[in-house]
Amino acid sequence: MSYDVVGKSVLRIDGLSKVTGQAVYPQDIYMDNMVYGKTLRSTKPHANINIDISKAESLEGVLKVFTHKDIKGENHHGVMFKDHEVLCAKKVRRIGDPIAFVVAESEKIAEKALELVEVNYEELEAIFDPEEAMKDESPKVHNNESNIIYHYKIRKGKNIEDAFDECDAIVENTYKTSMVDHGFIQPEAGVAYIEKGGTVVVCAATQYPHFDQIEVAEALGLKNEEVRIINPAIGGAFGGREDITLQIHIAMAAMELKKPVKVVYSREESFIAHSKRHPITFHIKTGAKSDGTLHAMEAKIIGDSGAYASWAVNVLRKSGVHISGPYVIENVKVDSYAVYTNNPFTGAMRGFGAAQSPIAYEGQMDALAEKLNISPLEIRFKNAFRKGSETATGQVLTESVPVIQCLEAVSKAMNLSKDGDK
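Report follows, based on the coordinates. Keep in mind that what you see is a predicted model, and the values were worked out from it rather than measured.

Definitions and limits used
- Residues numbered from 1 in each chain as written.
- Predicted model: local features only at pLDDT ≥ 70, side-chain atom pairs only at ≥ 80, totals over all residues.
- Heavy atoms only, no water.
- Salt bridge = Lys/Arg side-chain N within 4 Å of Asp/Glu carboxyl O.
- Buried < 20%, exposed > 50% of the residue type's maximum accessible area, 1.4 Å probe, protein only.
- Helix = DSSP H or I, 4+ residues; strand = E, 2+ residues; numbered from the N terminus.
- Polar contact = N/O pair within 3.5 Å; in protein donor to acceptor, adjacent residues only side chain to side chain.
- Contact = heavy atoms within 4.5 Å.
- Phe/Tyr/Trp six-rings, centres within 6.5 Å; stacked < 30°, edge-to-face > 60°.
- Lys NZ or Arg CZ within 6 Å of the ring centre and 35° of its normal.

It is worth spelling out the pattern of salt bridges at this point. Counted by the stated rule, this structure contains 22 salt bridges. Where Arg12 meets Asp14, a salt bridge forms, and the shortest distance between an N and an O atom there is 2.7 Å. For Arg12, a relative accessible area of 59% puts it in the exposed group. Arg93 is paired through a salt bridge with Glu85; the nearest N and O atoms lie 3.8 Å apart. Among the ionic contacts, a cluster of salt bridges with common partners joins Arg12, Asp14 and Lys18.

Here's what the structure looks like:
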């Protein structure tokens, strides 16, 4: 079999336009009669709201202040669960929730109008610790019986307590990873307009134009084919452009006003508006035999989804799948939870939950090696996946299992023997 691309140096089609500055990003787009939008966002993490837009709408140069009442279709969006509101109707669940969308003849007028929208907050008890949020008596972020969005389980081998009784060394620790922003270079920006024939066109940098089309259509009360998404050059994403931010707002305004509507977020608003990497807490117990063979592992994983679900189900499932690492463990018990809080919402970010888990399982390997008085390298050689190994989920690995080769290359480069000595 011959390959046209694999193993060859191929010119990147968009490379020339980007390095010469000719690439068109959403904020580069200008159209005749274009107007400008700004989003009013919540300053409270959890509150019932009432708003008065009369002063803002009376400001000269303001074309309209959109609220939830102007949404002709469904006031919702979300990649898995439709738990976001396009514009909050009665309640905000995080700092940064969109409450109103102002459209004016200039950005300065739109910014001034934001200051004139009056928001009355009736603050509610908020919950910021996902472990506390799991309790029955905790404040509920959504109208659900529980803040737990998802619970993923793995059970492999014998009863886990019996397995630990057979271990010669046991280490038990808690590891925590932090919330992280994607920090992409280009903040969110977009232009929406109506083309001949009435189709609503949204030009915005996105990772999911096909999802955006569906969600814009649902909110506007249109058929999918009445909405077109154009994806200009994207100035970075890393998962942070998988959720809707401004797409529905500008589409709604363009459809109502019959003018091109443009929005460019500031860096501060970008930080507030889009998802973050899940902070995850790992409570993990790992046991081994005296020769360093792993025998048992129990993990409780708690992921903070913030105010909305986004990809929490996928992220916490993957964290659960990966918590045993690239190692053979005969007996495994895993409980992985995604939990609502009133923190900034979390979603996709490179690794999808697999990036957080190594902090815990590799920490455990080092701790076990120290307790057994063997080298960190030796314990990894002894337990690493090979062809034919079975994972904690029961998958038998038949190909692409390079862990041993990787360890050998690292140990050779560092002039280490398998027992870890120079």
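The structure having been displayed, the exposition proceeds.
Okay, the side chain of Gln364 next. Relative to the helices and strands, Gln364 resides in helix H10 (residues 357-372). With a relative accessible area of 1%, Gln364 lands in the buried category. Here the side chain of Gln364 touches Val171 through a polar contact of 3.1 Å, landing on its backbone oxygen. The residues contacting Gln364, other than those within four sequence positions of it, are Val171, Glu172, Asn173, Tyr175, Ile284, Lys285 and Thr286.

Right, let's talk about the packing of aromatic side chains for a bit. Using the criterion set out here, one finds 7 aromatic pairs in the structure. Taken together, a centroid distance of 6.2 Å and an interplanar angle of 80° make the contact between Tyr308 and Phe345 edge-to-face. Within this pair, whereas Tyr308 is found in the loop between strand E14 (294-306) and helix H9 (312-322), its partner Phe345 is found in the loop between strand E15 (331-340) and H10, the two being separated by 37 residues in sequence. Grouping residues by exposure puts Tyr308 and Phe345 together as buried. Taking the centre distance of 6.1 Å and the plane angle of 50° together, the rings of Trp311 and Phe352 count as tilted. Separated by 41 residues along the polypeptide, Trp311 in the loop between E14 and H9 and Phe352 in the loop between E15 and H10 bring together distant segments of the chain. Counting every residue linked through ring pairs, the aromatic cluster contains Tyr208, Phe211, Trp311 and Phe352. For Arg241, the ring lying beneath its charged end belongs to Phe184, and the centroid distance is 4.0 Å. The ring of Tyr30 has Lys262 sitting right over it, with the charged end atom 3.7 Å from the ring centre.

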